[in-house]
Amino acid sequence: MDLKIKGKVFLISGGAKGIGAAISNVLSEEGAIPVMIDPSIAEGKEMLQKWKSEGTQGAQFEKRLSNTEDAKDAVMFALEKFGQIDGIVNNAGANDSIGLENGDPHKFRASVEKNLGHYYDLVHFALPQLKKSKGSIVNISSKTALTGQGNTSGYTAAKGAQLSLTREWAVELLPYGIRVNAVIPAEVMTPLYSNWIKTFEDPEKKLAEIENRIPLEKRMTTAREIADTVVFLLSARSSHTTGQLLFVDGGYTHLDRAIGT
Ligand code: NAP
């Protein structure tokens, strides 16, 4: 299937590592132009070199989205380089360790802002371009928005809000033909996940327990599997799909718990 995204420009927050890197790489494979917004400079440089050797284009905005101005600058960066924006993947985010009982209200608020603010900012500043291109937006959320995880209040609050905003923006942007969808991963081995699993006393045992509970093939979802769904949603091949929350998780969130026993 030709996704018809050759030469189209997509912004991916956190696009140089983990799930974001997989999305950037699949976009590049399909001949699109990924603009990674990510402070991971070494990883981004390596990807850009690879793409160059394969004859495709891309760029990295080498900064963490820490405030609204950063998002505005990232959009300007992409526009100055490539003159158009055809889609946004809001992906950057990180677990916190802010529980209710042991947490700190100030840290909670800061975590919500850190995980949610730039999702709004990027779309807000790119909107004039997305209106021209009838662009597509994909928000990466997390199963924890629906299942909880414990000890990560700010992160889950932001992840839940990302799902609400997916529906909210899908409605608001209907008149422009801009589609908005969310992809919900559960267990994907990335630098973020690897750091999290290491917080357990016996990480290998914990990982084996988790894998054993994933209904489809008792394995983690690969970053590539998340990326393939995201890129499909970015492309016009999903032209009548909007406001949808897609779980790419091997059935982990919804299928019968008895399957894992
Ligand atoms: P990751 O391995 O930490 O990669 C994320 C990348 O984004 C890193 O390069 C990180 O840089 C960068 N980043 C973080 N905050 C940023 C910001 N504000 N602005 C720009 N770049 C930023 O994370 P991941 O596991 O791929 O997760 C990606 C998304 O998937 C997140 O939204 C996460 O909630 C979601 N998710 C992941 C899983 C999973 O199993 N991995 C499950 C459910 C949901 P630094 O490393 O320098 O911070």
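Computed from a prediction, not measured in an experiment: that's the story for all the values here.

### Section: the sheet that holds strand β3 (residues 59-61)
Part 1 of the argument: Taken together, the 7 strands give an open sheet; going across it, the order is β3-β2-β1-β4-β5-β6-β7, and neighbouring strands pair in parallel fashion. Since the sheet does not close on itself, it has two edges, and those belong to β3 and β7 (245-247), each with one partner. Geometrically, the sheet is characterised by an average inter-axis angle of 20 degrees between neighbouring strands, direction not taken into account.
Part 2 of the argument: Of the pairings in the sheet, the one linking strand β6 (residues 179-184) to β7 comprises 3 bridges and is parallel in character. Bridging from a neighbouring strand, A182 pairs with L245 of β7.

### Details of helix α4 (residues 105-133)
Part 1 of the argument: Between its first and last C-alpha atoms α4 spans 41 Å; for 29 residues at 1.5 Å apiece the expected length is 42 Å, and the two agree.
Part 2 of the argument: The sharpest bend along α4 reaches about 60 degrees and sits at L127, with the proline P128 one to four residues further on.
Part 3 of the argument: Among all positions of α4, only S111, N115, L116, G117, H118, Y119, D121, L122, V123, A126, Q129 and L130 are buried.
Part 4 of the argument: Those residues of α4 that are buried lie in contact with β1 (9-13), β2 (33-37), α3 (68-82), β4 (87-90), β5 (136-140) and α6 (153-172).
Part 5 of the argument: A side-chain oxygen of the first residue of α4 lies 2.7 Å from the backbone nitrogen of H106; this N-cap is D104.
Part 6 of the argument: Taken from the residues just after α4, K134 is the one with a positive phi, measuring 50 degrees.

### Regarding the pattern of salt bridges
Part 1 of the argument: If you walk through the whole model with that rule in mind, you get 8 salt bridges.
Part 2 of the argument: Residue R224 is joined to E29 by a salt bridge in which the shortest nitrogen-to-oxygen separation is 2.8 Å. Taken together, the positions of R224 in helix α9 (residues 223-234) and E29 in helix α1 (residues 18-29) put the pair 195 residues apart, joining distant regions of the chain.
Part 3 of the argument: Look at R224 and you get partly exposed, because its relative accessible area is 37%.
Part 4 of the argument: Across the salt bridge formed by E217 and R219, the nearest N and O atoms sit 2.7 Å from each other.
Part 5 of the argument: Overall, the relative accessible area of 53% leaves E217 in the exposed class.
Part 6 of the argument: The structure contains a network of salt bridges with shared partners spanning E29, R224 and D228.

### Description of the pairing of β1
Part 1 of the argument: With respect to burial, β1 is a largely interior element, 5 of its 5 residues being buried.
Part 2 of the argument: The two faces of β1 match: V9, L11 and S13 on one face and F10 and I12 on the other face are all buried.
Part 3 of the argument: Here 5 bridges tie β1 to β2, and the two strands are oriented parallel to one another. Residue pairing in the sheet places I12 in a bridge with M36 of β2.
Part 4 of the argument: What joins β1 to β2 is α1, and the crossover it makes is right-handed.

### Some points on the nonpolar core
Part 1 of the argument: Counting 29 residues, the largest nonpolar core has L11, I37, I85, I88, L122, L130 and I137 as its most contacted members.
Part 2 of the argument: Breaking this core down by element, the ones donating at least two residues are β1, β2, β3, α3, α4 and α6.
Part 3 of the argument: Looking at this core, the element that brings in the most residues is α3, giving 6 residues.
Part 4 of the argument: When residues no more than four places from it in sequence are discounted, the contact partners of I37 are L11, I12, S13, G14, G15, F61, K63, L65, A74 and L122.
Part 5 of the argument: Within the second largest apolar cluster, 24 residues are counted, among which are F10, I19, A32 and A223.

### Concerning the packing of aromatic side chains
Part 1 of the argument: This model, assessed by the stated rule, comprises 4 aromatic pairs.
Part 2 of the argument: When the ring of W196 is compared with that of F200, the centres are 5.0 Å apart and the planes differ by 85 degrees; the resulting orientation is edge-to-face.
Part 3 of the argument: Taken together, the aromatic side chains of Y193, W196 and F200 make up a single cluster linked through ring pairs.

What counts and how
Residues numbered from 1 in each chain as written. Predicted model: local features only at pLDDT ≥ 70, side-chain atom pairs only at ≥ 80, totals over all residues. Heavy atoms only, no water. Pairing = 2+ DSSP bridges. Helix = DSSP H or I, 4+ residues; strand = E, 2+ residues; numbered from the N terminus. Axes fitted to C-alpha atoms, helices over the stretch in contact; angles between N-to-C directions. Expected span 1.5 Å × (residues − 1). Bend = angle between axes of the 7 residues up to and from the residue. Buried < 20%, exposed > 50% of the residue type's maximum accessible area, 1.4 Å probe, protein only. Contact = heavy atoms within 4.5 Å. Polar contact = N/O pair within 3.5 Å; in protein donor to acceptor, adjacent residues only side chain to side chain. Salt bridge = Lys/Arg side-chain N within 4 Å of Asp/Glu carboxyl O. Right-handed = clockwise from strand over helix to strand, strands pointing away. Core = buried A, V, L, I, M, F, W, Y, C linked by side-chain atoms within 4.5 Å. Phe/Tyr/Trp six-rings, centres within 6.5 Å; stacked < 30°, edge-to-face > 60°.

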